[in-house]
There are 2 protein chains.
Amino acid sequence: MNIKLIGVLGAFAASLVLIACSVAPPNPANSRSAMTVAEVLEHAPPSHWRQPDPNNLVELKLAQGSVLFELAPRFAPKHVANLKQLLAQHYFDGLAVVRVQDNYVAQWGDPMADSDQARDLGSANVELPAEFYRSRSGLPVRLINSQDAYAERVGFVEGFPIGTDGDRAWLTHCYGALGVARDVDPDSGNSSGLYMVIGHAPRHLDRNVTLIGRALRGAEHLAALPRGTGILGFYGDLSAGARIAMRNGSELAEDERNLEILRTDSSSFANYVAARAHRIEDWFADSVGKIGLCNVLPPVRNVKDS
Amino acid sequence: MNIKLIGVLGAFAASLVLIACSVAPPNPANSRSAMTVAEVLEHAPPSHWRQPDPNNLVELKLAQGSVLFELAPRFAPKHVANLKQLLAQHYFDGLAVVRVQDNYVAQWGDPMADSDQARDLGSANVELPAEFYRSRSGLPVRLINSQDAYAERVGFVEGFPIGTDGDRAWLTHCYGALGVARDVDPDSGNSSGLYMVIGHAPRHLDRNVTLIGRALRGAEHLAALPRGTGILGFYGDLSAGARIAMRNGSELAEDERNLEILRTDSSSFANYVAARAHRIEDWFADSVGKIGLCNVLPPVRNVKDS
């Protein structure tokens, strides 16, 4: 990936190089930038954006608005397949948000799940083997130059932030990450109870829960819900939370899924990482020179913006 | 700081050591734990908890509830003093939340600030020199063993999460951090416009804005507010946001400030960091072995809980 240097170079850029080099050695995926973040996005050609496969989109519908997620079947094929089976049955329609723990997660599913009035899972599996991580081999990993608190190396696979060590690779709990709730038994999740990260990345959950995707749009509708006052942020009355419905993206009209994502294997994304790491915008008194994984999630825009 | 090993050791603990050593070398401030997080807090003696100085507490009152902040005058003496002057004048009463940007910040102040109807700052200063970082010397820094994306070393000073490199030390933008809004001019902040972090830590703001404290209680009342739909999450009508009032802690009744914070210079806090880094709770399939700064903020509890 080449970093295109667009803009005014000269004395200012030269001093930037010194600042940048003192804090983070240049790296193909995270070098100094001569563009602002806005300029990088403005210059990204149409081919550097992709529209997600509708069959890997999921809509969570709330009265406040919809959250649109992209699924990551390469990381959690069984949990994604089970979710699609549940969606085909419209399993979630009329269920509810049962938990909103501040600076942590919002969780939804069947308020009666632990009772004899639990909704039937139909043809979906009740138990699934955990998919906490997978082999890195075969994955098109784009590493970024970041010192990470929780993983040896971090980067992206087809739009998803990941951690890796040795041959292991896993989806990370950045803001908007979509996970499968489970009990103490690691194999007790089945995609009928789901959660989304609404606060600072709880990265200690990485490799402890099966993540299946991330929010592309509308995460704020979950993040702004009233917090639960029970233990772990559960609502005292589980049935009192916001009512939900969920649909597979293939059931959405085109204008309900009219978004595109900056391709993480494009040079524009490398420029984006560089521009977020080395801030040249006038406002920045300190150009930073570093970047954290969850602070550089792939930009998403409406198709009509292009 | 000694790590007290309380609980069942033996084969299980021995395997934990191996896991811990392979990912994070033991360190006085972040070693392996034989206690769960809950056990650490349960065993912390009363002397390891402190009640904050009321004069360094600030209440932000919203219809939804109050947010209680602790100020950090050692890091931003001028901005804290100016805020106290404004509080003495009850400057904020009747002003509003003007911006809620999802996964970023909530900001409050005078909706008319940029007009000729701006509220008068009275005896407070209109401009202040930036206090983005300070000398580390003289600060009782407790480092933790964490690879940080944005700072050479990280740790705590009297309850506040900090970053440091060379002789510089600064407050960090973890969840709940309280900052002073500014314009492009680094010296344009004056504590009349404030913000709190409501999402994943925007650590690129470190050393770019003056931070003056952190939320101890009630951050959820800001985090759950409706997001603004204007640029940067500003409300279209700045005057339409949630009404606010602010008081210095010395004006609060005792039961409005009945909380205590685990002392970050105590062995219990070291145990807490260790227990958060090396998870031995049954639920954890992977004991993690690592910790991020913003994932180990000092616990706060009601005095009546003790």
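Heads up: the structure comes first, above all this text.
Residues numbered from 1 in each chain as written. Chains lettered and ligands numbered in written order. Predicted model: local features only at pLDDT ≥ 70, side-chain atom pairs only at ≥ 80, totals over all residues. Heavy atoms only, no water.

A. Local environment of the overall build of chain A. Each helix and strand counted, chain A has five helices and 16 strands in total. The proportion of buried residues among the 306 residues of chain A is 58%. Within chain A, contacts between residues separated by at least 24 positions form 76% of all contacts whose residues are at least 6 apart in sequence. If you sum the accessible surface of chain A, you get close to 12100 Å²; carbon and sulfur atoms cover 51% of it. (Helix = DSSP H or I, 4+ residues; strand = E, 2+ residues; numbered from the N terminus. Buried < 20%, exposed > 50% of the residue type's maximum accessible area, 1.4 Å probe, protein only. Contact = heavy atoms within 4.5 Å. Areas by Shrake-Rupley, 256 points an atom, 1.4 Å probe, with all protein chains shown as cover.)

B. Geometry of the interface of chain B and chain A. In this assembly, 45 residues from chain B lie in contact with 46 residues from chain A. Across the chain B/chain A interface, buried area totals approximately 3700 Å², and carbon plus sulfur atoms make up 53% of it. Contact with chain A buries area across many residues of chain B, yet Tyr150, His200 and Trp283 of chain B alone supply 20% of it, more than any other trio. In this structure, the connection of chain B to chain A is made through four salt bridges. (Buried area = accessible area lost by both parts, 1.4 Å probe. Salt bridge = Lys/Arg side-chain N within 4 Å of Asp/Glu carboxyl O.)

C. Expanded view of the relation of the copies chain B and chain A. For the pair chain B and chain A, the best superposition has an RMSD of 0.0 Å and corresponds to a rotation of 180 degrees with a translation of 0.0 Å parallel to the axis. Such a turn and shift between the copies fits a two-fold axis. When the interface residues of chain B are mapped onto chain A, 100% of them are again interface residues, pointing to one common binding face. (Least-squares fit on C-alpha atoms with pLDDT ≥ 70 in both.)

D. Up close: the side chain of Thr36 of chain B. All names here are of chain B. Relative to the helices and strands, Thr36 is located in the loop between helix H1 (11-23) and helix H2 (37-43). Taking the relative accessible area as the measure of exposure, Thr36 reaches 16% and is therefore buried. Contacts of Thr36, omitting those with residues within four sequence positions, involve Ala275, Ile280 and Glu281.

E. Up close: the state of the cysteines. All names here are of chain A. Going through the model one piece at a time under the given rule, you end up with two disulfides over all chains. A disulfide bridge connects Cys174 with Cys294, and the sulfur atoms are separated by 2.1 Å. Residues Cys174 and Cys294 are joined by a disulfide whose S-S torsion is about -75 degrees; by sign, that bridge is left-handed. You can see Cys174 sitting in the loop between strand E10 (168-171) and strand E11 (177-180) and its partner Cys294 sitting in the loop between helix H5 (267-277) and strand E16 (300-302), a full 120 residues away along the chain. (Disulfide = S-S within 2.5 Å.)

F. Representation of the sheet that holds E16 of chain A within the structure. All names here are of chain A. With respect to topology, three strands assemble into an open sheet ordered E1-E15-E16, the strand pairing being antiparallel. The sheet is open, and its two borders are formed by strand E1 (49-50) and E16, each paired with just one other strand. Relative to E16, strand E15 (residues 259-262) runs antiparallel, the two sharing three bridges. Bridge pairing links Leu259 to Asn302 in E16. (Pairing = 2+ DSSP bridges.)

G. Looking closely at the packing of aromatic side chains. All names here are of chain A. Considering all chains together, one arrives at ten aromatic pairs over all chains under this definition. Centre to centre, the rings of Trp283 and Phe284 are 5.1 Å apart; their planes meet at 85 degrees, and the pair counts as edge-to-face. Here Phe284 falls in the buried class, since its relative accessible area comes to 14%. Of the aromatic side chains, those joined through ring pairs into one cluster are Phe156, Phe269 and Tyr272. Directly above the aromatic system of Tyr133 lies the positively charged group of Arg168, at a separation of 4.9 Å from the ring centroid. The lysine or arginine in question, Arg301, covers the ring of Trp49, its NZ or CZ lying 3.8 Å from the ring centre. (Phe/Tyr/Trp six-rings, centres within 6.5 Å; stacked < 30°, edge-to-face > 60°. Lys NZ or Arg CZ within 6 Å of the ring centre and 35° of its normal.)

H. Looking closely at the pairing of strand E14 (residues 245-248) of chain B. All names here are of chain B. Side-chain alternation along E14 places Met246 and Asn248 on a buried face and Ala245 and Arg247 on a face that remains uncovered. Bridge count for strand E2 (residues 57-62) against E14 is four bridges, and the pairing is antiparallel. Directly across from Val58, in E14, lies its bridge partner Asn248.

I. Local environment of a negative patch on the surface. Judged by side-chain charge, Asp114, Glu127, Asp183, Asp185 and Asp187 of chain A come together as a negatively charged surface patch. Along the polypeptide, Asp185 of chain A turns up in the loop between E11 and strand E12 (194-197). (Patch = residues over 30% accessible without salt bridge, like charges linked within 9 Å, V, L, I, M, F, W, Y side chains within 5 Å. Lys, Arg positive; Asp, Glu negative; His and termini not counted. Charge placed at Lys NZ, Arg CZ, Asp CG, Glu CD.)

J. Region of interest: the sheet that holds strand E8 (residues 153-157) of chain A. Residue and element names in this part refer to chain A. Strand order in the open sheet made by the five strands is E6-E10-E9-E8-E7, with antiparallel pairing throughout. Every interior strand has two partners, whereas the edge strands, strand E6 (134-135) and strand E7 (141-144), have only one. With two bridges joining them, E6 and E10 adopt antiparallel strand pairing. For Ser135, the partnering residue across the bridge sits in E10 and is Arg168.

K. Spatial organisation of the pairing of strand E2 (residues 57-62) of chain A. Residues and elements named next belong to chain A. When you tally the buried positions in E2, you get five out of six residues, the bulk of the element. Here E2 pairs with strand E3 (residues 65-71) via six bridges, running antiparallel. Pairing of Leu60 across the sheet is with Val67, part of E3. Once E2 ends, the chain turns through two residues before running back antiparallel as E3.

L. Up close: the environment of Asp167 of chain A. All names here are of chain A. With respect to the helices, strands and loops of the structure, Asp167 is situated in the loop between strand E9 (160-165) and E10. Judged by its relative accessible area of 45%, Asp167 falls in the partly exposed class. Asp167 sits 115 residues away from Pro52 along the chain, and the two C-alpha atoms are 27 Å apart. Setting aside residues up to four positions removed in sequence, Asp167 forms contacts with Arg134, Ser135, Arg136 and Ser137.

M. Molecular detail of helix H3 (residues 77-88) of chain B. Residue and element names in this part refer to chain B. Taking 1.5 Å of rise per residue, the twelve residues of H3 would be expected to cover 16 Å, and the 16 Å separating its terminal C-alpha atoms lies within 8% of that figure. What H3 keeps buried is the set His79, Val80, Asn82, Leu83, Leu86 and Leu87. Projected down its long axis, H3 shows its buried positions confined to an angular sector of 160 degrees, all on one face. Contacts made by the buried residues of H3 are with E2, strand E3 (65-71), strand E11 (177-180), strand E12 (194-197), strand E13 (211-217) and E14. A positive backbone phi angle near 50 degrees is found at His90, which sits one or two residues after H3. (Expected span 1.5 Å × (residues − 1). Arc of directions from axis to C-beta.)

N. Broad picture of H5 of chain A. Here H5 of chain A lies mainly inside the structure; eleven of its eleven residues are buried. Residues Ser267, Ser268, Phe269, Ala270, Asn271, Tyr272, Val273, Ala274, Ala275, Arg276 and Ala277 of chain A constitute the buried set of H5 of chain A.

O. Fine view of the pattern of salt bridges. According to the stated counting rule, one finds 26 salt bridges over all chains in the structure shown. A salt bridge links Glu59 of chain A to Arg247 of chain A, with the shortest nitrogen-to-oxygen separation between them at 3.1 Å. Of this pair, Glu59 of chain A sits in strand E2 while Arg247 of chain A sits in strand E14 (residues 245-248), and the two are 188 residues apart along the sequence. For the pair formed by Glu59 of chain A and Arg247 of chain A, the shared burial category is buried. Across the salt bridge formed by Glu158 of chain A and Arg74 of chain A, the nearest N and O atoms sit 2.8 Å from each other. A residue pair is termed long-range when its members are at least 10 positions apart, and Glu158 of chain A in the loop between E8 and E9 and Arg74 of chain A in the loop between E3 and helix H3 (77-88) qualify at 84 residues. Of the residues examined, Arg74 of chain A reaches a relative accessible area of 35% and is grouped as partly exposed. Through salt bridges with shared partners, a single network forms among Asp165, Arg168 and Arg207 of chain A together with Asp286 of chain B.

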